[in-house]
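These are the residues of each chain, in order.
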2 protein chains.
Amino acid sequence: MRATMMTTPLTVTPILRRAAKLFGDIEIVSRRPDKSLHRATYADFVAQSAQLAGALRKAGLQPGDRVATLMWNHVEHMAAYFGIPCAGGVLHTLNLRLHPDEIAYIANHAKDRFLLVDDCLLPLFAKFRAQVPFEKVIVVGNAPAGETSWAEFLATAPAGAEALAALPDLDENAPLGMCYTSGTTGKPKGVVYSHRSTVLHSMAVSMVDCLALSQRDTLLPVVPMFHANAWGIPYAAVMAGSKLVMPGPHLDPLSLLELMERERVTCAAGVPTIWAGILEQLEKQKRPLVPNCRMIVGGSAAPESMIRAFDALGLRVIHAWGMTETSPLGSVAHPRTTDTTTVDSAYAARARQGYPCPMIEIRAIGESGDEIAWDDHAQGELHVRGPWVAASYHERPDAGDRWTADGWFMTGDVVSISPTGSLRIVDRSKDVIKSGGEWISSVDLENALVAHPAVREAAVVAVPHPKWAERPLAVVVLKDGAAASADDLRTFLGEKFAKFQLPDAVVFVDAIPKTSTGKLLKSALRDRYADWKW
Amino acid sequence: MRATMMTTPLTVTPILRRAAKLFGDIEIVSRRPDKSLHRATYADFVAQSAQLAGALRKAGLQPGDRVATLMWNHVEHMAAYFGIPCAGGVLHTLNLRLHPDEIAYIANHAKDRFLLVDDCLLPLFAKFRAQVPFEKVIVVGNAPAGETSWAEFLATAPAGAEALAALPDLDENAPLGMCYTSGTTGKPKGVVYSHRSTVLHSMAVSMVDCLALSQRDTLLPVVPMFHANAWGIPYAAVMAGSKLVMPGPHLDPLSLLELMERERVTCAAGVPTIWAGILEQLEKQKRPLVPNCRMIVGGSAAPESMIRAFDALGLRVIHAWGMTETSPLGSVAHPRTTDTTTVDSAYAARARQGYPCPMIEIRAIGESGDEIAWDDHAQGELHVRGPWVAASYHERPDAGDRWTADGWFMTGDVVSISPTGSLRIVDRSKDVIKSGGEWISSVDLENALVAHPAVREAAVVAVPHPKWAERPLAVVVLKDGAAASADDLRTFLGEKFAKFQLPDAVVFVDAIPKTSTGKLLKSALRDRYADWKW
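This is a predicted model, so every value here is computed, not measured.

A. Quick look at the overall build of chain A. Each helix and strand counted, chain A has 16 helices and 25 strands in total. At 23 Å, chain A has a C-alpha radius of gyration in line with the 24 Å of a compact globule built from 534 residues. Taking the principal axes of its C-alpha atoms as reference, chain A extends roughly 70 × 60 × 50 Å. Classification of the 534 residues of chain A by burial places 55% in the buried group. Long-range contacts, defined as pairs at least 24 residues apart, comprise 66% of the intrachain contacts of chain A with a sequence gap of at least 6.

See the structure below:
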């Protein structure tokens, strides 16, 4: 017997077509480099997407060819997100925060043929242009003499309904886009998303117990579109028909706050560092923000103190976990009814990494090689599998050790799991501190430290120790005008941690080095303090 | 270039596996025939599902074999929904409201091998048992001597984690279940859902702008599990981990109200007839129902008057449209921000059939054969396509005329479409009244009639007329103790309709014949009044 259902391919093309018909009047607002606001509609965005697809094919784009973007978040980047894959090409978002040599390595490894670049990023592009043989470069914004502008390039192809109707039929397993992980060790590795994985991820992202995106939302992706697909928001937003507010290059707290208020943002998404700056600003101004706004926090763990502080301002933090290799959404910390019996238990539930998304399966493997018990105590490395999880890296047969023989992706995160399946990331496996046979979680210490009123940021790293193998060292940035001594902080931590877990030393610094995606760059700190004398 | 993502098959088996790990403590409450409440957990339900799968395979079930159910909504039916397809079988839900001969025809056409039947439905089964060569019959509840009980049958296979681990790997395009349409003309026709179509439908059902199902919901599917998969709620609920409340055979307003209050239902789903009875009861008792409950209404149009009346009681009606051929969810009437500029426009938006679900594409073809304009005025037959829409009927090559050459399903519904894509069903194409070259919508007249305080139910049908070809005749059931004359009703309608649209006659009756799924059986009325003398 055979099923009688349509086997419509899961590609983003029907999502674009549907948006054209249903959401033509919905706005996409983009902050330009000069801080002005550019207002477009979905009708404009769909027209640009379809015309870009036509222009790329006219310029010789073949199925599977890579088109790189070096751009901030704005409406033209949205058109690239759809226009490139709808033409059969592969959207390759270059991370503009990497070193120019690394960007060149990635563009060459991916064999990018074309580049779309923001005018304000031309100085960065100049630093690696000679290293990458792009066949064609298209400049968004003001194109200098001799360069092709976005408008000129689009004008090479038909516009309007004709362009949309001309989009090719695609296989759902065809590649759609790629991202390189900004790993702190080894060469960056690429993940190639398919149309199918992206459509399924978009549906999951929109579900109530995930990010709950709706047509009635106004979304502000602060997370850059070159960072793990801006967490899937661009595709999910067009599926839902949400209004989009794009911050461009202006990610400082005051610019973001102004945008959130002016455009009545209902849902913003970004890494904790961004929200910490906004929180400090709001506390300084002693005022709440826009009402009914939720803030999706991911990329690094959001400390419970931050969640509580935002609640006091009427903003609901939603804590999510994911990786470039998981498209990225893997889990979301919406408390279940059983998690909310007390105020403290509800906050504790929200500070975890939460429950795996529908269709995502999890397990954790302990040091013995067996699955750990889901008792919230045992620790092991998190493994995941599901329809939007990577099965390999692009052209890196040497990097196959991240997958088990039975088909799970090994995340490198050490977790414990509650009896009902809520994840808590104890540490990155390479960041955990191994002291005299005991494991100490650097993440727990960091989250506790930033709850101290004087602390803005903290990193805890393992430093070699003659007796204990490793001991924790805390690196702390104080808030402007605030004061705290090493002893103050150790006493503060002593309320929550056993004595052996406390950092033996605290170093005060002006800034902590970060990765290109805003995570603490602990490998740099480990190097810096490798010769520490206890 | 190839995508690097996992191509995890979209089957319901991982959904069951995930529910076992995450939602073991969540309840499934079932009303038994004796009105007692049976309480089980997801852990029980998953165990029964896996054991049923094992028992069916042990009994000789081969991939694609059909297993029929003749059951009300309860936890064992839930176990059948998962256990049968997870064993590789095909769940065939028999509609117990059909004539026994028709049930027999359907079971034979589907070639059902096994039957699961409720003890309270054995008298119905006795009426057609001789006509269908079921190889094995399993009785849920008290099995009479000589029959196999559910518990006995399950005990033939291993229980526990072993049963879950033994579930076979399945292809995502494998058949999962089937439903026959209860068409009012011709032999019933079967739709065979695949695992893939069901998983995608479940994800869509759960999305915010569809039914917004969540782990924090307590769901009451009043819609029977033999009626278009209970609108996909069983699968979507297990994906979300929602508490389920199952009414068994007790669908009277008082039983349902008691269940909704006792179990704190947050979301109930059923046809308008069910809600009309509940509304009458609540108005009689002059009290509101459980707070924060939403009611999903589908199967037939929900009149605006009903939506307003429930709002006054604090209950939010969500109007949805679908068909057996669309799994069934096709569209949902969540108003967009632009629909809610006035109270009246918001109600008008909610009384439409609403916006197509993500991944569902729509068009409407007018009498000329061209697509109609989306101007909310032009009318045409609704066509749909998408990954959970049927592409044919099971073994009915003669019934291929419901699909266009370019791959759209022709719904048989006459619609108009708003400029932003909101559907309004004007009529079934066979129910529209063609009077002197003009079309009159029977649905519009019916919705207006039930807004009259004395009217409980109304049907409007075309009756042959010597001069105008057809003219509308209204068939009306008054509320208990209420009075209204034909002239009263015509005057009432005259406020909203042109004179030529008003029914020429009104017939008062005690009851209107209905289809097995609660829809007005207008073909019977047309037959009854075919010789009407004007």
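So that's the structure; there's more coming.
B. Representation of the relation of the copies chain B and chain A within the structure. Laying chain B over chain A is done by rotating through 180 degrees and shifting 0.0 Å along the axis; what remains is an RMSD of 0.1 Å. Here the two chains are linked by the operation of a two-fold rotation axis. Across chain B, the rotation axis passes nearest the C-alpha of Met207 of chain B, at a separation of 2.2 Å. Residue by residue, 100% of the interface of chain B is reproduced at the interface of chain A, so both copies engage with the same surface.

C. Looking closely at the confidence of the model for chain A. Of all residues in chain A, 99% have pLDDT values of 70 or greater, and the mean over the chain is 93. With a pTM of 0.90, the predicted complex shows an ipTM of 0.89.

D. Examining the interface of chain B and chain A more closely. At the junction of the two partners, chain B supplies 56 residues and chain A supplies 56 residues. Those elements giving two or more residues to the side of chain B that touches chain A turn out to be α1 (13-22), β9 (189-194), α8 (195-206) and α9 (233-240) of chain B. Of the residues that constitute the side of chain B that touches chain A, the class distribution is 29 nonpolar, 17 polar and ten charged.

E. Looking closely at the sheet that holds strand β11 (residues 243-246) of chain A. Residue and element names in this part refer to chain A. As summarised here, the arrangement of the nine strands in space is β2-β1-β11-β10-β12-β13-β14-β15-β16, forming an open sheet in which the pairing is mixed. Edge positions in the open sheet fall to β2 (37-41) and β16 (355-356), since each of these has one partner strand only. Both strand β15 (residues 329-332) and β16 contribute to a ladder of two bridges, which runs antiparallel. Pairing of Val332 across the sheet is with Tyr355, part of β16.

F. Highlighting the nonpolar core. Of all hydrophobic cores here, the largest spans 316 residues; its most connected members are Ala204 and Met295 of chain A together with Ala204 and Met295 of chain B. Among all residues touching Met295 of chain B, those that are not within four sequence positions of it are Ala268, Trp275, Phe310, Leu315, Arg316, Val317 and Ile318 of chain B. Counting 22 residues, the second-largest nonpolar core is a separate cluster that includes Ile440, Ala448, Ala474 and Leu493 of chain A.

G. Local environment of the sheet that holds strand β12 (residues 267-270) of chain B. Residues and elements named next belong to chain B. Spatially, nine strands are ordered β2-β1-β11-β10-β12-β13-β14-β15-β16 in an open sheet, and the strand pairing comes out mixed. Either end of the sheet is taken by a strand with one partner, and the two such strands are β2 (37-41) and β16 (355-356). Bridge count between strand β1 (residues 27-31) and β2: five bridges; the pairing is antiparallel. Counted as the bridge partner of Ile28 is Ala40 from β2.

H. Looking closely at the packing of helix α8 (residues 195-206) of chain A against helix α9 (residues 233-240) of chain A. All names here are of chain A. Put simply, α8 and α9 touch, their axes get as near as 9 Å, and they point 70 degrees apart. Between α8 and α9, the interaxial angle falls into the category roughly perpendicular. In this structure, α8 contributes Thr198, Ser202, Val205 and Ser206 to the contact, and α9 contributes Tyr235, Ala236, Met239 and Ala240. Residues of the contact of α8 with α9, tallied by class, amount to five nonpolar, three polar and no charged.

I. Representation of the environment of Val476 of chain A. Residues and elements named next belong to chain A. Looking at the element boundaries, Val476 is found in strand β24 (residues 469-478). Residue classification places Val476 among the buried positions, given that 24 C-beta atoms sit within 10 Å. Linking Val476 and Leu489, residues 13 residues apart in sequence, is a C-alpha distance of 9.8 Å. Among all residues touching Val476, those that are not within four sequence positions of it are Leu449, Val455, Ala458, Leu489, Val506 and Phe508.

J. Expanded view of the packing of α1 of chain B against helix α2 (residues 42-58) of chain B. All names here are of chain B. Running from amino to carboxyl end, α1 crosses α2 at an angle of 145 degrees, the nearest separation of the two axes being 9 Å. Read as a crossing pair, α1 and α2 show a hand that is left-handed. Of the residues in α2, those in contact with Leu16, Ala19 and Ala20 of α1 are Tyr42, Val46 and Ser49. Residue composition of the contact of α1 with α2, by class: five nonpolar, one polar and no charged.

K. Fine view of the pairing of β24 of chain A. Residue and element names in this part refer to chain A. Note that strand β23 (residues 455-465) and β24 share ten bridges and pair antiparallel. Residue pairing across strands places Val463 opposite Arg471, the latter belonging to β24. Here β23 folds back onto β24 in antiparallel fashion, the turn holding three residues. Bridging between β24 and strand β25 (residues 505-508) involves four bridges; their strand directions are parallel. Pairing of Val475 across the sheet is with Val507, part of β25. Between the parallel elements β24 and β25, the chain passes through helix α15 (residues 486-494) in a crossover that is right-handed.

L. Here's a closer look at unusual backbone geometry. Residue Pro328 of chain A is reached from Ser327 of chain A by a cis peptide bond, and omega for that bond is 20 degrees. With respect to the secondary-structure elements, Pro328 of chain A resides in the loop between β14 (316-322) and β15. Of note in this structure, Ser327 of chain A is not a glycine but carries a positive phi near 85 degrees. Turning to its location among the elements, Ser327 of chain A is positioned in the loop between β14 and β15. Overall, the presence of 31 C-beta atoms within 10 Å leaves Ser327 of chain A in the buried class. The backbone phi angle of Ala230 of chain B is positive, close to 45 degrees, even though this residue is not glycine. Structurally, the position occupied by Ala230 of chain B is in the loop between β10 (218-221) and α9. Of the residues examined, Ala230 of chain B has 26 C-beta atoms within 10 Å and is grouped as buried.

M. Up close: the environment of Ala110 of chain A. Residues and elements named next belong to chain A. Relative to the helices and strands, Ala110 is located in helix α4 (residues 100-110). As a C-alpha pair, Ala110 and Arg66 span 44 residues in sequence and 7.2 Å in three-dimensional space. Those residues in contact with Ala110, other than ones at most four positions away along the chain, are Arg66, His92, Met178 and Gly190.

N. Representation of helix α14 (residues 442-449) of chain B within the structure. Across the eight residues of α14 of chain B, eight count as buried, placing the element largely inside the fold. On its buried face, α14 of chain B sits against α12 (304-312), β20 (423-428), β21 (433-435), β23 (455-465), β24 (469-478) and α15 (486-494) of chain B.

O. Focus on helix α14 (residues 442-449) of chain A. If you check which residues of α14 of chain A are buried, you get Ser442, Val443, Asp444, Leu445, Glu446, Asn447, Ala448 and Leu449 of chain A. Taken together, the buried residues of α14 of chain A touch α12 (304-312), β20 (423-428), β21 (433-435), β23, β24 and α15 of chain A.

P. Structural view of the environment of His334 of chain B. All names here are of chain B. With respect to the helices and strands, His334 occurs in the loop between β15 (329-332) and α13 (343-350). Taking the C-alpha atoms as reference points, His334 and Cys210, separated by 124 residues in sequence, lie 7.7 Å from one another. If we skip the residues at most four places from it in the chain, His334 touches Asp209 and Gly354.

The rules behind these values
Within any chain, residue numbers begin from 1 and follow the written order of that chain's sequence. Going through the entries in the order they are written, you letter the chains from A and number the ligands from 1. Given that the model is predicted, a residue must reach a pLDDT of at least 70 before its local features are reported, and side-chain atom pairs must reach 80 or more before they are shown or counted; all residues, however, enter totals for whole chains, interfaces and linings. Each helix is a run of H or I in the DSSP string that is no shorter than four residues. Each strand is a run of E no shorter than two, and both are numbered from the N terminus. A radius of gyration in this sense is built from C-alpha atoms; the matching globule rule multiplies 2.2 Å by the number of residues raised to 0.38. Exposed residues have 12 or fewer other C-beta atoms within 10 Å of their own C-beta, buried residues have 20 or more, and residues in between are partly exposed; the C-beta atoms are placed from the backbone. For every residue pair, C-beta atoms are placed from the backbone, and the pair is scored as a contact if these atoms sit within 7 Å. Least-squares superposition of the copies uses the C-alpha atoms of those residues scoring a pLDDT of at least 70 in each of them. A residue's pLDDT is the predictor's confidence in that residue, given on a scale from 0 to 100. Three classes are used, and their members are as follows: Ala, Val, Leu, Ile, Met, Phe, Trp, Tyr, Cys and Pro are nonpolar, Asp, Glu, Lys and Arg are charged, and the others, Gly among them, are polar. Two strands are said to pair when DSSP picks up at least two bridges between them. To count as a nonpolar core, a set of buried Ala, Val, Leu, Ile, Met, Phe, Trp, Tyr and Cys residues must be joined through C-beta atoms within 7 Å. Comment: axis = line fitted to C-alpha atoms, over the contacting stretch for helices; angle = value between 0 and 180 degrees taken between N-to-C directions. Any angle from 65 to 115 degrees is called roughly perpendicular, while one under 35 is roughly parallel, one over 145 is roughly antiparallel, and all others are oblique. Crossing handedness is defined as follows: a turn of the near helix away from the far one that is anticlockwise and smaller than a right angle gives a left-handed crossing, while the clockwise case is right-handed. Clockwise travel from the first strand over the helix to the second, with the strands pointing away from the viewer, marks a crossover as right-handed.

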